[in-house]
Amino acid sequence: MNNKKSNKNKQVTKAIIPAAGLGTRFLPLTKAQPKEMLPVVNKPTIQWVIEEAIDAGIKDIAIITGDHKQSIENHFRPFKKLEKALEESGKLEELDKIRKVNSLANLKFIIQHEQKGLGHAILCAKEFIGDNPFAVLLGDTICTGSPNCTKGLARVFEEREASVFAVEKIKLEDTRRYGVISGNQVEDQIMLVDKLVEKPEPEDAPSLLGIQGRYIFTPDLLVHQEKTNKGAGGEIQLTDAMQSLARESKLYSWTFTGNRYDIGTMKDWFQSHLELSIASEFSPIIKEVLKKL
Ligand code: UTP
């Protein structure tokens, strides 16, 4: 394998944000409105995710989207008619706000025509990745914490020169919702991973550490992903490609201690809105609302 070549570039400047799923867990809310576009405080979920990548020093971002999810691209593309109307009516603050969203990063939109799973979504960005290391941030998952999750992973990646992903402690009854891993502790918060199982039954889970939705990979991952057949749920799973990678190369997990919100669940969506509102400029408004409950 071209390990030496792929690890040469330690700086992570590219990210993939998979956002093409059908959102079946959150219907009917996500029938016409992509889960990744659900607002949290004052911006869509996927904007929080993009801002995390930017804060981690990533400039080139590929969003994997579906032909049913045009609104994602619309949110980040210039809307000339609206800009003209704002300019003509002197609404310059609003104009500035939407122009900032248009120029957040160097965004590329790639269509995944068939929803064959997360692993398949990543393969759609093969050309974009080339021979570079890359981050993956799930488009329906907001992470908060300091350092931000992707930044924390980038540090481990630079130090260890190997692929690394974030995990969190999960409950036994929740193993069916996660990729679950095991390995050997090599440092506080860091494990050398040897086993990864996607959505195991509680009795088959190798530990109570669940894959949490943020990753940094050497480009070798794609070679393993291309060889991966359908797995759990009949989908092409990223976790299976990671298991294959772990057999040939070092693969680390990093236990993230910040908050993670899966915007595919009602509980996390509500919780993110409340907690992130309280931490924002809108804190007085939300506190006033809460007082009345
Ligand atoms: P999820 O499994 O949580 O999303 O994938 P989903 O498939 O949309 O949701 P459910 O399970 O049917 O409710 C995590 C992320 O990966 C993307 C999703 O859009 C989500 O942001 N994804 C998933 C893809 O881009 N393509 C896929 O084929 C599957």
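Overview of the structure.

About the thresholds
Residue positions are counted from 1 within each chain, in the order its sequence is given. Confidence filtering applies because this is a predicted model: local features only for residues at pLDDT of at least 70, side-chain atom pairs given and counted only at 80 or more, and all residues used for totals across whole chains, interfaces and linings. Side-chain descriptors were evaluated using all non-hydrogen atoms of the structure, hydrogens and water having been removed beforehand. Elements are defined by DSSP. Helices are runs of H or I of four residues or more, strands are runs of E of two residues or more, and each kind is numbered from the N terminus. Our radius of gyration is a C-alpha quantity, and the globule rule it is checked against amounts to 2.2 Å times the number of residues to the power 0.38. The buried label goes to any residue with under 20% of its type's maximum accessible area, the exposed label to any with over 50%, and the partly exposed label to all in between, with areas taken from a 1.4 Å probe on protein chains only. Contacts between residues were defined by any pair of non-hydrogen atoms, one from each residue, lying within 4.5 Å. Here the open area of atoms and residues is found with the Shrake-Rupley method and a 1.4 Å probe, where only the protein chains shown may cover a residue. Here the positive residues are Lys and Arg and the negative ones are Asp and Glu; neither His nor the chain ends is included. By convention, the charge on Lys lies at NZ, on Arg at CZ, on Asp at CG and on Glu at CD. A pair is scored as a salt bridge if a Lys or Arg side-chain nitrogen falls within 4 Å of a carboxyl oxygen belonging to Asp or Glu. The nearness test applies per residue and asks whether one of its heavy atoms lies within 4 Å of the molecule or strand. By the criterion applied in these results, polar contacts are pairs of N or O atoms within 3.5 Å in which, for protein atoms, one can donate a hydrogen and the other can accept it, and in which residues neighboring in sequence qualify only through two side-chain atoms. Note that Gly is not counted as nonpolar here; it falls among the polar residues with everything else outside the nonpolar set of Ala, Val, Leu, Ile, Met, Phe, Trp, Tyr, Cys and Pro and the charged set of Asp, Glu, Lys and Arg.

**What about the overall build of the chain?**
So, step 1. Each helix and strand in the chain was counted, giving 12 helices and 13 strands.
So, step 2. In summary, the chain has a C-alpha radius of gyration of 19 Å against a globular reference of 19 Å for 293 residues, a match within 12%.
So, step 3. Seen along its three principal axes, the alpha-carbon backbone of the chain occupies a region of about 60 × 45 × 35 Å.
So, step 4. Burial analysis of the chain (293 residues in total) assigns 50% to the buried set.
So, step 5. Sequence-distant contacts, at least 24 apart, represent 75% of the contacts inside the chain between residues at least 6 apart.
So, step 6. Summed over its atoms, the accessible surface of the chain is roughly 14,800 Å², and 51% of this surface lies on carbon and sulfur atoms.
So, step 7. Averaging the locations of the 41 positively and 40 negatively charged side chains of the chain gives two centres separated by 2 Å.

**Topic: the pattern of salt bridges**
So, step 1. By the definition in use, this model includes 21 salt bridges.
So, step 2. Through salt bridges with shared partners, one network takes in Arg-25, Lys-35, Asp-140 and Asp-262.

**Notes on the site of the ligand**
So, step 1. The environment of the ligand is formed by 19 residues, the closest being Gly-21, Thr-24, Arg-25, Glu-36 and Gln-112.
So, step 2. Backbone polar atom of Gly-21 to an oxygen atom of the ligand: 2.8 Å apart, as the coordinates give it.
So, step 3. Here the ligand loses 87% of its free accessible area of 560 Å² to cover by the protein chains.
So, step 4. Its residues assigned to classes, the shell around the ligand shows 6 nonpolar, 7 polar and 6 charged.

Honestly, it's all geometry; don't read function into it.
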